[in-house]
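Examination of the molecular architecture
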Amino acid sequence: MVSETQKRRNRTATRIVDCRLSIVDCRLDAGAAGGSSVANRKSPILRALESVTDPEIPVLSIVDMGMVAHVRIEREKIAVDITPTFVGCPAVGLIRESVAAALAAVGETDVTVNIVFDPPWTSDRITPAGREKLREFGVAPPGPRCGAGQLTEPTHVPCPFCGSLVTELESLFGPTLCRSIHYCHRCLQSFEHFKPV
Ligand SMILES: [Zn+2]
């Protein structure tokens, strides 16, 4: 059976914010003072964003999660659009602060962090690297989603520990709406699954 310790460990394990950094959009005024430095700022800005981790899954950055929808650099100003994984995810405020702090650390102080819902976040935005990190973290990554905005939970999710498909759904809702709990009959562990959404 599943030990309480294991259950607790899994419970504290996850909530994921997935963000694929799709575009870094530099709108540069030809006449803008200091505009030539914009290109040089892109790499530090990207690295800063990659340093912001999901508060509940510290192995994943918001870039891994596909949460960074858009970055605009215009003169001294930077606008970062964050698309939250779930409307109710409580970590949004913290992520917003972390993004501003990470950018301030590379000298970008004129930063606006917007929470956007267009494009909507879907679990398909989690990068391949992010999926691998999830698995290593003991959370089964989401498969392709089956319907827009619909929680579709497969019954036999591959176990992230041993890969077995002899697993069953234990609880549709884990610690958050984003996760369900499954049990693996081969390695006798319960694990969380990041639901495809
Ligand atoms: Zn297993």
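Each chain has its residues counted from 1, running along the sequence as written. Selection of residues for local features in this predicted model requires a pLDDT of at least 70, selection of side-chain atom pairs for listing and counting requires 80 or more, and totals for whole chains, interfaces and linings are taken over all residues.

A few words on the overall build of the protein. Along the protein, the regular secondary structure elements total four helices and eight strands. N-terminal to C-terminal, the α/β element order of the protein is α-β-α-β-β-α-β-α-β-β-β-β. Three exposure classes are used. Buried residues have 20 or more other C-beta atoms within 10 Å of their own C-beta, exposed residues have 12 or fewer, and partly exposed residues fall in between, all C-beta atoms being placed from the backbone. A burial count over the protein gives 39% of its 197 residues as buried. Considering only contacts in the protein between residues 6 or more positions apart, those separated by 24 or more positions represent 62%. Under the scheme used here, helices are H or I runs from DSSP no shorter than 4 residues and strands are E runs no shorter than 2 residues, and both carry numbers assigned from the N terminus. The contact criterion used is a C-beta to C-beta distance within 7 Å, with each C-beta placed from the backbone.

A word on helix H2 (residues 38-50). Here H2 spans 18 Å end to end across 13 residues, near enough to the 18 Å set by a 1.5 Å rise per residue. Of the positions making up H2, those classed as buried are Arg41, Ile45, Ala48 and Leu49. Residues of H2 that are buried in the fold lie against strand E2 (68-74), strand E3 (77-82) and helix H3 (92-105). The span one expects for a helix is its residue count, reduced by one, times 1.5 Å.

Before going further, it helps to examine the nonpolar core. With 34 residues, the main nonpolar core has Leu49, Ile62, Val68, Ile82 and Val99 as its most contacted residues. Mapped by element, the contributors of at least two residues to this core are H2, E2, E3, H3, strand E5 (139-140), strand E7 (179-184) and strand E8 (189-194). Residue contributions to this core reach at least three from each of two domains, namely domain 1 (4-14 + 127-194) and domain 2 (24-123). To count as a nonpolar core, a set of buried Ala, Val, Leu, Ile, Met, Phe, Trp, Tyr and Cys residues must be joined through C-beta atoms within 7 Å. Delimitation of the domains relies on an automatic or database domain assignment.

The pLDDT value tells you how sure the predictor is about a given residue, anywhere from 0 up to 100. Confidence in the prediction for the protein averages 77 pLDDT; 73% of positions are at 70 or higher. A low-confidence stretch, residues 7-36 (pLDDT under 50), is modelled with 84 contacts involving residues beyond four sequence positions or located in other chains.

It is worth spelling out unusual backbone geometry at this point. It is generally the case that most residues other than glycine have a negative phi and that most peptide bonds are trans. The linkage connecting aspartate 118 with the following residue, proline 119, adopts the cis geometry, with an omega of 10°. Of note, proline 119 is situated in the loop between strand E4 (111-115) and helix H4 (128-136). Of note, the phi angle at arginine 75 is positive, near 50°, even though the residue is not glycine. Secondary-structure assignment places arginine 75 in the loop between E2 and E3.

Let us look at the sheet that holds strand E6 (residues 167-171). Reading across from one edge, E5-E8-E7-E6 is the order of the four strands in this open sheet, with mixed pairing throughout. The two strands at the open ends of the sheet, each matched to only one other strand, are E5 and E6. Pairing of E6 with E7 involves four bridges; the strand directions are antiparallel. Among the inter-strand pairings, threonine 167 is bridged to a residue of E7, identified as cysteine 184. Strand pairing follows a simple DSSP-based rule, namely that at least 2 bridges must link the two strands.

In this section: the packing of H2 against H3. Fitting a line to C-alpha atoms yields each axis, with helices limited to the stretch in contact; the angle taken between N-to-C directions then spans 0 to 180 degrees. Where H2 contacts H3, the axes come no closer than 9 Å and their chain directions differ by 140°. In terms of axis orientation, H2 runs oblique to H3. The handedness of the crossing between H2 and H3 is right-handed. Two secondary-structure elements touch here, H2 through Ile45, Ala48 and Leu49 and H3 through Val99, Ala102, Leu103 and Ala105. Throughout this description, any angle smaller than 35 degrees is read as roughly parallel, any larger than 145 degrees as roughly antiparallel, any in the 65 to 115 degree range as roughly perpendicular, and the remainder as oblique. Take the far helix as your reference; a near helix turned counterclockwise from it by less than a right angle gives a left-handed crossing, and one turned clockwise gives a right-handed crossing.

Let us now look at the environment of alanine 39. Following the sequence through the fold, alanine 39 ends up in helix H2. For alanine 39, a count of 11 C-beta atoms within 10 Å gives the class exposed. A C-alpha to C-alpha distance of 9.4 Å links alanine 39 and isoleucine 73, two positions 34 residues apart in sequence.

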